[in-house]
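# Observations on chain architecture
Spelled out, the chains give:
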Amino acid sequence: MGVGREMCTQEAFQAQRSELLGLLVSGSLEGFESVLDWLLSWGVLSWEDYEGLSLLGQPLSRSARHLLDTVWSKGAWGCERLIAAVNEAQADSQVLELPSCWNPHSSHPARDLQSHRPAVIRRLYSRVEGVLEQARQQGFISRYECDEIRLPIFTASQRARRLLDLATVKANGLAAFLLQHVQELPVLLAPPFEDAACKKFTSKLRSTLSAQSRFLSTYDGSENLCLEEIYTENVLEIRTEVGLAGSPQKSPAILGLEDLFSTRGQLNADADTVLVMGEAGSGKSTLLQRLHLLWATGRDFQEFLFVFPFSCRQLQCVAGPLSMQTLLFQHCCWPDLGQQDVFQFLLDHPDRVLLTFDGFDEFRFRFSDQERHCSPTDPTSVQNLLFNLLQGNLLKNACKVLTSRPAAVSSLLRKYVRLELQLKGFSEEGIKVYLRKCHRQPGVAERLIGLLRATSALHGLCHLPVFSWMVSKCHQELLLQGGGSPKTTTDMYLLILQHFLLHACQPDLVAHSVGPCLLKARLATLLHLGRLALWGLGHCCYVFSAGQLQAAHVDAEDIALGFLVRARRVVPGSLAPLEFLHITFQCFFAAFYLVLSTDAPPSLLRQVFSCRRPGSPLVARLLPALCVPGPGHREGSVAALLQEAEPHNLQITAAFVAGLLAQEHQGLLAECQASEKALLRRQACARWCLARSLQRHFHSIPPAVPGEAKSMHAMPGFLWLIRSLYELQEERLAREAVRGLDVGHLKLTFCGVGPVECAALAFVLRHLRRPVALQLDHNSVGDIGVEQLLPCLRVCKALYLRNNNISDRGVCKLVEHALHCEQLQKLALFNNKLTDGCTHAMARLLTCRQNFLSLRLGNNNITAAGAEVLAGGLRANASLQFLGFWGNKVGDKGAQALAEALGDHTNLKWLSLVGNNIGSVGAQALAVMLEKNAVLEELCLEENHLQDEGVCSLTDGLQRNASLKILKLRGNSFSPEEMEKLSHRDARLLL
């Protein structure tokens with residue numbers, strides 16, 4: 001209830017003290033603090049008063065009495081202001097705008113922040129995490145102060161208040177920083193104060209999501225891992241468009257989770273959907289779980305009042321038509337009060353709603369926009385409901401987050417995507433952080449990290465969180481029991497299988513149950529799980545009912561092994577559904593069944609490696625017709641299931657089949673296989689299919705254009721063939737497979753190449769007979785992937801690694817090997833994370849390799865110091881023809897060093913120093929270089945700080961140079977008069 005504004009005398013105020021006290025303590029601490037905000041902004045309370053009233057740990061009733069006493073002492077005006085503040089706090093749904101006279105550069109920032117404190121808090125509370133991080137990075141607050149503000153006992157608004165309090169007492173520029181940034185933040189509308197139904201539903205949603213998200217159960221059903229303790233940031237990048245005209249492409253922006261709804265890099269500003277793509281095991285589900293927990297606990301994403309999480313694998317189990325209201329309330333969270341009022345609020349304020357859909361690649365229906373459905377109350381099929389939500393035909397302006405593997409995302413779906421992000425797994429530092437969080441016992445994590453450093457193949461696997469989890473889970477086998485070092489994906493899954501089998505054994509039998517005997521003892525269980533897994537893949541089913549488990553003969557003992565776990569978000573009406581720990585485990589068990597079951601004849605492996613289905617453009621096109629059986633398989637048969645499986649799941653299964661049939665595991669499988677002849681037939685079939693497929697693919701490459709090298713642009717399906725060859729681990733087969741490859745340029749851009757794929761490529765390509773230019777731009781190679789590529793470096797004449805998250809460490813290892821690879825003459829490393837730390841290695845490369853032709857290091861973080869080091873290598877090199885240095889920070893000093901080194905160079909044709917903060921001093925040095933250099937043909941100096949003086953120096957030098965054909969100067973700071981004069985002076989100038 002409100003308080004009458006006619007109460008303005010101290011006597012009347014004192015008479016109504018009990019009523020006022022009841023109002024102040026009847027709400028939450030949040031409401032009381034809102035009253036203090038208004039009083040502080042109006043000057044009723046001094047800073048000393050405020051500090052005394054906002055002490056932590058005080059009972060709310062005591063603080064309220066203290067406030068009444070303080071205000072009464074201020075006289076009638078203070079009493080009247082308190083009544084106004086209570087009414088303002090109760091009407092907190094109003095939009096609080098900053099005044100039109102707001103001055104972000106005020107000379108009294110702390111005073112201005114205090115004067116408009118309620119409006120500032122309304123703007124800050126939903127973005128406080130991002131503002132905190134920015135303030136910490138710029139040195140305004142310490143990490144300790146950040147941690148104090150982020151304590152979980154505080155709501156988002158309370159964190160905003162504590163940040164403002166800190167700005168009041170710190171005299172280091174924090175208040176000025178906040179004053180400038182708060183104007184850019186959006187102001188959000190709170191739900192009406194009197195709308196109890198909405199508030200109660202929001203509270204219920206928060207408690208439900210908090211309970212669902214607090215523990216990480218994505219990969220492990222045997223124990224609960226606290227998400228707060230284990231969560232580790234993944235590399236999340238905005239997907240970039242290439243091939244556009246203009247200045248050189250910048251590196252994709254790397255985001256934190258709090259930037260998920262950033263306006264940067266938008267593909268379609270009118271769309272509602274944010275698409276997060278990543279390979280299986282890259283952490284997509286965990287990222288959403290973290291988002292849900294941050295919202296539920298009030299720490300981030302507070303611009304949303306309602307968050308509805310859905311799993312696509314469970315949505316597809318919904319039978320019959322349903323409306324949007326049914327979807328939200330019956331399949332997510334039911335409002336206990338005023339269902340219609342809550343639903344109407346959702347329709348009226350869609351911008352306050354977030355819907356998340358996890359695992360679109362596991363939704364058996366392909367996206368279509370043919371059937372429009374715009375009614376929020378009329379029922380329709382679940383797929384039509386989802387597709388129209390994504391298009392914005394339903395709940396337009398509500399934000400939707402969709403996660404998927406890349407293969408399931410069509411160009412049609414991309415039309416309705418506002419922002420497309422790529423989740424690339426752990427960085428090298430992220431792997432260390434994760435293992436240290438998992439193992440807090442002294443020395444264990446460091447020993448695991450040391451093991452990874454010593455075994456590059458295992459290290460390469462761990463960039464996917466699912467493999468880091470396996471390494472953590474199997475640390476005893478890896479460290480204490482001499483379990484060896486897994487090389488391939490299959491090795492790792494066999495290791496985790498052994499781990500689960502050992503834990504299921506009686507303690508006194510463990511010592512006698514290792515290796516083949518352990519597997520044979522539980523073979524029936526593994527085949528039951530395998531049959532269920534294969535049936536699920538064939539029916540696009542990933543959540544299994546009791547009846548489906550019974551049909552596959554999966555009993556309680558099989559479930560107890562631990563690979564099947566309870567589904568987290570259960571569709572109403574289903575009875576205790578189970579799912580595999582992860583989709584990759586389902587594919588692994590399906591592969592196990594195909595290799596060891598008597599129901600799967602060896603000839604079926606040809607169908608496995610075809611990965612064919614109607615309309616599929618994937619690996620099926622690469623295979624000879626003999627490898628693919630015809631239609632007409634008996635319903636429910638293994639052949640029919642393979643025919644219906646999704647191609648991307650069948651590809652993972654095919655790689656596991658190849659890995660299980662590797663020579664290294666022959667003894668393991670022979671113990672479980674009744675017929676040794678059948679096992680040998682399976683191995684022979686797998687070898688023949690893989691080798692034949694690659695050879696046919698290579699032979700299908702069109703002939704080269706006259707005068708150019710023969711080029712091949714590989715597709716993701718080609719990568720899976722390479723992966724399968726790598727899993728098989730047969731050198732002879734790899735050599736035979738690439739015997740027919742006769743190309744000068746192999747292009748694998750935007751193919752999702754990570755460290756595992758790098759290891760597979762190196763395993764196969766090192767057997768090439770002729771050198772090749774290998775282009776791996778726009779992938780996830782990283783430092784670990786660079787290390788995996790080293791074995792094939794000797795057959796590379798050029799290596800292109802643009803935008804691959806590579807640091808100095810990876811480049812130094814690359815150069816160390818490149819010194820001994822005479823074939824390698826070109827290296828492109830732009831759009832990475834290089835600093836001055838790599839320039840010593842680059843200088844050594846240029847000094848030692850006198851046949852090196854091209855070095856491109858653009859868009860990194862190299863400064864004048866690095867340029868000076870590199871100049872030393874340039875002086876000793878006479879072969880380099882192309883040097884790309886755009887988008888760094890060399891400045892005048894670096895430009896001088898490079899110019900002096902290149903003055904007498906006898907082969908350099910092209911030099912780019914675009915966007916390097918070069919001014920007149922650097923321009924003068926480059927002008928002197930032009931006077932001396934007699935071979936340079938193109939010099940690019942766009943987007944620098946050249947003024948009239950510097951441009952004049954360059955044009956003077958150009959007059960004395962006969963070799964230069966183009967001098968690019970666009971985007972500099974010379975005057976219009978100078979530009980007019982230069983435009984008629986020399987045709988070689990591009991202004």
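The chain is annotated in an unreviewed UniProt entry as Nucleotide-binding oligomerization domain-containing protein 2 isoform X4 of Erinaceus europaeus. Of the chain, the UniProt comment under Sequence similarities (unreviewed entry) reads exactly: "Belongs to the NOD1-NOD2 family."

### Some points on the pattern of salt bridges
Working definition: two side chains of opposite charge can pair if their charged atoms are close together. The full count for this structure, using the stated rule, is 34 salt bridges. A salt bridge links Arg-299 to Glu-228; the shortest N-O distance between them is 2.1 Å. On the criterion of sequence distance, the pair formed by Arg-299 in the loop between α15 (284–296) and β6 (306–311) and Glu-228 in helix α14 (residues 227–230) is long-range, its members being 71 residues apart. Where Asp-272 meets Lys-400, a salt bridge forms, and the shortest distance between an N and an O atom there is 3.1 Å. On the criterion of sequence distance, the pair formed by Asp-272 in the loop between β4 (254–255) and β5 (273–277) and Lys-400 in strand β8 (residues 399–404) is long-range, its members being 128 residues apart. Neither Asp-272 nor Lys-400 differs from the other in exposure class; each is buried.

### Considering the packing of helix α31 (residues 583–596) against helix α34 (residues 647–660)
Direction vectors running N to C along α31 and α34 enclose 50°, while the axes themselves pass 8 Å from each other. In terms of axis orientation, α31 runs oblique to α34. In this structure, the crossing between α31 and α34 has a hand that is right-handed. Between α31 and α34, the contacting residues are Ile-583, Thr-584, Cys-587, Phe-588, Ala-590, Ala-591, Phe-592, Leu-594 and Val-595 on the first element and Asn-649, Ile-652, Thr-653, Phe-656, Val-657 and Leu-660 on the second. Partitioning the contact of α31 with α34 into residue classes produces 12 nonpolar, 3 polar and no charged.

### Structural notes on the packing of aromatic side chains
For the structure shown, the criterion picks out 34 aromatic pairs. When the ring of Phe-426 is compared with that of Tyr-434, the centres are 5.4 Å apart and the planes differ by 35°; the resulting orientation is tilted. A single burial state applies to Phe-426 and to Tyr-434, both of which are buried. Three or more aromatic residues link up through ring pairs in this structure, and these residues are Phe-467, Trp-469, Tyr-493, Phe-500, Phe-544, Phe-563, Phe-580, Phe-585, Phe-588, Phe-589, Phe-592 and Phe-656. Residue placement shows Arg-81 over the ring face of Trp-42; its charged tip is 4.4 Å from the ring centre. Residue placement shows Arg-856 over the ring face of Trp-910; its charged tip is 4.9 Å from the ring centre.

### Some words on the environment of Asp-986
With respect to the element layout, Asp-986 can be found in the loop between α47 (976–983) and β22 (989–990). Given the relative accessible area of 13%, Asp-986 is considered buried. Between the alpha carbons of Asp-986 and Thr-955 there is a distance of 8.2 Å; along the sequence they are 31 residues apart. Ignoring any residue separated from it by four or fewer positions in sequence, one finds Asp-986 in contact with Leu-958 and Gln-959.

### Things to note about helix α19 (residues 382–391)
Of all 10 residues in α19, 9 are buried, a share of seventy percent or more. Packing partners of the buried residues in α19 comprise β5, α16 (312–315), α17 (324–330), β7 (353–358), β8 and α20 (411–414). One or two steps after α19, the chain reaches Gly-392, where phi turns positive at roughly 95°.

### Section: the packing of helix α39 (residues 755–765) against helix α40 (residues 782–789)
With their axes 8 Å apart at the nearest point, α39 and α40 run at an angle of 10° to one another. Between α39 and α40, the crossing angle belongs to the class labelled roughly parallel. Along the contact surface, α39 presents Pro-755, Cys-758, Ala-759 and Ala-762, while α40 presents Ile-784, Gly-785, Gln-788 and Leu-789. Its residues assigned to classes, the contact of α39 with α40 comprises 6 nonpolar, 2 polar and no charged.

### Side note on the pairing of strand β15 (residues 796–800)
Moving residue by residue along a regular strand, the side chains alternate between the two faces of the sheet. Here strand β14 (residues 772–775) runs beside β15; their pairing, made up of 4 bridges, is parallel. Residue pairing in the sheet places Leu-774 in a bridge with Leu-799 of β15. In the sheet, β15 pairs with strand β16 (residues 826–828) via 3 bridges, with the strands oriented parallel. Each residue of the ladder has a partner; that of Leu-799, found in β16, is Leu-827. For the handedness criterion, the β-α-β arrangement of β15, helix α41 (residues 808–818) and β16 is classed as right-handed.

### A closer look at the confidence of the model for the chain
For the chain, per-residue confidence averages 85 on the pLDDT scale, and residues scoring 70 or more make up 87% of the total. Within the model, the stretch residues 1–7 combines pLDDT values under 50 with 19 contacts to residues more than four positions away or in other chains. Contacts for the low-pLDDT stretch residues 612–631, under 50 throughout, to residues beyond four places or in other chains number 42 contacts.

Parameters and conventions
- Residues numbered from 1 in each chain as written.
- Predicted model: local features only at pLDDT ≥ 70, side-chain atom pairs only at ≥ 80, totals over all residues.
- Heavy atoms only, no water.
- UniProt positions renumbered as here; feature names shortened; annotations may be inferred.
- Salt bridge = Lys/Arg side-chain N within 4 Å of Asp/Glu carboxyl O.
- Helix = DSSP H or I, 4+ residues; strand = E, 2+ residues; numbered from the N terminus.
- Buried < 20%, exposed > 50% of the residue type's maximum accessible area, 1.4 Å probe, protein only.
- Axes fitted to C-alpha atoms, helices over the stretch in contact; angles between N-to-C directions.
- Parallel < 35°, antiparallel > 145°, perpendicular 65-115°, else oblique.
- Left-handed = near helix turned anticlockwise from the far one by under 90°.
- Contact = heavy atoms within 4.5 Å.
- Nonpolar A, V, L, I, M, F, W, Y, C, P; charged D, E, K, R; others polar.
- Phe/Tyr/Trp six-rings, centres within 6.5 Å; stacked < 30°, edge-to-face > 60°.
- Lys NZ or Arg CZ within 6 Å of the ring centre and 35° of its normal.
- Pairing = 2+ DSSP bridges.
- Right-handed = clockwise from strand over helix to strand, strands pointing away.
- pLDDT = per-residue confidence, 0-100.

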